[in-house]
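One letter stands for each residue in the lines below.
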Amino acid sequence: MNPKLSDRINNMATSATLAMAAKARELREAGKDIIGLSLGEPDFTIPDFVKQAAIQAVENDYHSYTPVDGYGDLKQAIITKFKRDNDLVYQPAQIVVSTGAKQSLYNLAQVLLNEGDEVLLPAPYWVSYSDISKVAGGIPKEIKTTIETDFKITPGELERAITSRTKMIIYSSPCNPSGSVYSKKELRALADVLVRYPDIIVVSDEIYEHINFSGKHSSMAGFEDMYDRTVVVNGVSKAYSMTGWRIGYIGAPEWIARACNKMQGQVTSGANCIAQRATISALENPPSKIQYMVDAFKARRKIILNLLSEIPGFKTNEPEGAFYVFPDISYYFGKTLGGTHINTASDFSLYLLEAANVATVTGEAFGDPNCIRISYAASEEDIREAIQRIKAAVSA
Ligand code: PMP
Ligand code: GLU
């Protein structure tokens, strides 16, 4: 804490996912053989059609500022994608392209929240929802879930969490970190509660839409009575392995999209021009072109779940999407492993880093202090070796 800095930044937590990834990188540079399972970052190279579009954009001399909310033809490609994959209809004024879905979420919090507004976060939730809400003056209100209910909230739990100050609910489905996917029926049951509170905005983070192993993706925006107050957040980081390209987007009610456009015009002027051109190609190609990555994630899920089931004290749900497992490891609290006393999930995650050279992320950062998150967006070889090391470390 530096008193010369603003309260805003002093009160903000460092992103736990990025902090762990940085720590792993540092240790690796210092010569340690670290296996990084902390970051949700596909290990595939980008598809060739994306690469070629970017090269073409450079050769065609794209270099200037783009429209703040994204190139018109990119917005058109997003509209076509929404119709093709989600049966959602949007007009160009409802689409805003940003520097990653993270900025899309940041924009939304900035344009929607006033001081003291409450933001419902079904927990576990993605690490940045909480601080993105807080920095905009919002108050995160966790709705706790457990592994027994597959980390999903019920309509009753949702209703009990709503107050006169509730402005927004943010959730991801497929969920980072639990991998849980809300079915259409489950979403409808939540929508039946929300229709009674028409002022609450729904932020539906669908960035893992395509990484879904068990069925069809459903969106809250697909319900006619929710469309006008649901913002769909999506992006190309996960499905197209384009994390470093930093392109995310929203489909939103027009008044919200216009506000995000205004905010972005003062903050970034818009997303990178070459990455936007490449994204057109990513979205114009059918999802079948990236199925090989989804198949690989599914195979790795099976491997990691099997291996984890052999370790005492690791309780897992079966994630239906994304590329994380989120085991409850509270069994180890109060125990001593290799001379280290474990009281919290952070202690456990740090112990794994030190004793097993495996980087994971503590569940505390996701609003669940009993769990740790393990990303299986890594090679099969790394997954096998990492889990083997974890097994050895917890029996020390
Ligand atoms: N939402 C979720 C649920 C995520 O896991 C991530 C991490 N990539 C993001 C949003 C942000 O993604 P982007 O790389 O597009 O900023
Ligand atoms: N979203 C990824 C994760 O949860 C990347 C890191 C980040 O953006 O925070 O690991």
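What comes next concerns the included structure. (Residues numbered from 1 in each chain as written. Chains lettered and ligands numbered in written order. Predicted model: local features only at pLDDT ≥ 70, side-chain atom pairs only at ≥ 80, totals over all residues. Heavy atoms only, no water.)

Describing the sheet that holds strand E3 (residues 118-123)
- What the seven strands build is an open sheet, ordered E2-E8-E7-E6-E5-E3-E4; its pairing is mixed. Only two strands of the sheet have a single neighbouring strand rather than two, namely strand E2 (95-98) and strand E4 (139-144). Each strand of the sheet is rotated relative to its neighbour by a mean of 20 degrees, with strand direction disregarded.
- Here five bridges tie strand E5 (residues 166-172) to strand E6 (residues 201-205), and the two strands are oriented parallel to one another. Bridge assignment links Met-168 to a residue of E6, and that residue is Ile-201. (Pairing = 2+ DSSP bridges. Helix = DSSP H or I, 4+ residues; strand = E, 2+ residues; numbered from the N terminus. Axes fitted to C-alpha atoms, helices over the stretch in contact; angles between N-to-C directions.)

Points about the packing of helix H5 (residues 100-112) against helix H10 (residues 254-267)
- Contact geometry for H5 and H10: axes closest at 9 Å, N-to-C directions at 105 degrees. In terms of orientation, H5 lies roughly perpendicular with respect to H10. Contacts from Gln-103, Asn-107, Leu-108, Gln-110, Val-111 and Leu-112 of H5 reach H10 at Trp-255, Ile-256, Ala-259, Cys-260, Met-263 and Gln-264.
- Its residues assigned to classes, the contact of H5 with H10 shows eight nonpolar, four polar and no charged. (Parallel < 35°, antiparallel > 145°, perpendicular 65-115°, else oblique. Contact = heavy atoms within 4.5 Å. Nonpolar A, V, L, I, M, F, W, Y, C, P; charged D, E, K, R; others polar.)

Remarks on the site of ligand 1
- Near ligand 1 you find 13 residues, and of these Ala-101, Asp-205, Tyr-208, Ser-237 and Lys-238 are the closest.
- In this structure, Asn-176 approaches ligand 1 through a side-chain N or O atom, which is 2.7 Å from an oxygen atom.
- The contact in question runs from a nitrogen atom of ligand 1 to an N or O atom on the side chain of Asp-205, over 2.5 Å.
- Relative to its unbound accessible surface of 390 Å², ligand 1 loses 94% to contact with the protein.
- In terms of residue count, the dominant contributor to the shell around ligand 1 is H5 (three residues).
- Per-class residue counts for the shell around ligand 1 are five nonpolar, four polar and four charged. (Near = heavy atom within 4 Å. Polar contact = N/O pair within 3.5 Å; in protein donor to acceptor, adjacent residues only side chain to side chain. Areas by Shrake-Rupley, 256 points an atom, 1.4 Å probe, with all protein chains shown as cover.)

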